[in-house]
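Each chain, letter by letter, is given below.
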Amino acid sequence: DRFGEQGVQIMEQAAAYGVPPWLLNPAAQSGLLCVLLVVVVGLVVVFPVILTMRIDGGLAWPWPAVFTPLWLVDLLVLALAAASPRDRDAGCWRCVPNRRQVNLALLLAFQLLLAYKLDAGEQAPFSYS
């Protein structure tokens with residue numbers, strides 16, 4: 001064991017929290033990161049293509065279906081932000097707890113409302129006038 005007693009303690013603590021032992025393997029971490037990166041890049045590339053086809057009239061999909069790849073990326077980023085370490089600067093008067101999650105949730109809410117407005121058109125219960 002190259003990490004000695006400290007490595008054994010880390011493995012025991014990880015097992016107590018329900019982390020599978022294979023996830024602590026650097027090769028598994030690299031593979032998981034590559035899969036996540038491919039999924040995110042794929043969804044980010046697919047969204048503008050679908051959006052352009054919908055605007056040009058090539059697709060008759062509803063707007064929520066067009067925004068789905070973007071929402072999947074947003075949910076993945078939101079989950080990663082929730083799992084990341086918290087900001088530790090207690091002396092910052094502008095710091096808001098969970099600031100990243102709040103910003104991402106607001107962005108997701110904007111996208112949901114935009115898709116709803118585009119899909120409902122003039123029948124939407126809210127308007128800009």
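To be clear, the structure that these remarks concern was listed above.
Attention in this report is confined to the structure presented alongside it. (Residues numbered from 1 in each chain as written. Predicted model: local features only at pLDDT ≥ 70, side-chain atom pairs only at ≥ 80, totals over all residues. Heavy atoms only, no water.)

Within the largest apolar cluster, 9 residues are counted, these being Phe 47, Ile 50, Leu 59, Trp 63, Val 66, Phe 67, Trp 71, Leu 108 and Ala 115. Of all the secondary structure elements, the ones that give two or more residues to this core are α2 (26–56), α3 (63–83) and α4 (99–120). Broken down by element, this core gets its largest block of residues, 4 residues, from α3. Once you skip the residues sitting within four places of it in the chain, Ile 50 turns out to touch Leu 59, Trp 61, Val 66 and Pro 69. (Core = buried A, V, L, I, M, F, W, Y, C linked by side-chain atoms within 4.5 Å. Buried < 20%, exposed > 50% of the residue type's maximum accessible area, 1.4 Å probe, protein only. Helix = DSSP H or I, 4+ residues; strand = E, 2+ residues; numbered from the N terminus. Contact = heavy atoms within 4.5 Å.)

With that settled, the discussion passes to the packing of α2 against α3. The axes of two packed helices give the description: the angle between them and the distance between them. Interaxial distance between α2 and α3 falls to 9 Å at its minimum, and their mutual angle equals 155°. Looking at the two axes, α2 sits roughly antiparallel to α3. Crossing of α2 against α3: the hand is left-handed. For the pair α2 and α3, the contacting residues are Leu 36, Val 40, Leu 43, Val 44, Val 46, Phe 47, Ile 50, Leu 51, Arg 54 and Ile 55 in the first and Trp 63, Val 66, Phe 67, Pro 69, Leu 70, Leu 72, Val 73 and Leu 76 in the second. Its residues placed into classes, the contact of α2 with α3 shows 17 nonpolar, no polar and 1 charged. (Axes fitted to C-alpha atoms, helices over the stretch in contact; angles between N-to-C directions. Parallel < 35°, antiparallel > 145°, perpendicular 65-115°, else oblique. Left-handed = near helix turned anticlockwise from the far one by under 90°. Nonpolar A, V, L, I, M, F, W, Y, C, P; charged D, E, K, R; others polar.)

With that settled, the discussion passes to the environment of Val 44. Mapped onto the elements, Val 44 comes out in helix α2. Sequence-wise, Val 44 and Leu 70 are 26 residues apart; in three dimensions their C-alpha atoms are separated by 6.7 Å.

This next bit is on the packing of aromatic side chains. Tallied over the full model, the rule gives 3 aromatic pairs. Taking 6.3 Å as the distance between ring centres and 45° as the angle between the ring planes, the aromatic pair formed by Trp 63 and Phe 67 counts as tilted. One end of the pair, Trp 63, and the other, Phe 67, are both in helix α3, 4 residues apart, so they sit about a helical turn from each other. In this structure Phe 67 comes out as buried when scored by relative accessible area, which is 6%. Consider the rings of Phe 67 and Trp 71, whose centres lie 6.0 Å apart with planes at 20°: the pair is stacked. (Phe/Tyr/Trp six-rings, centres within 6.5 Å; stacked < 30°, edge-to-face > 60°.)

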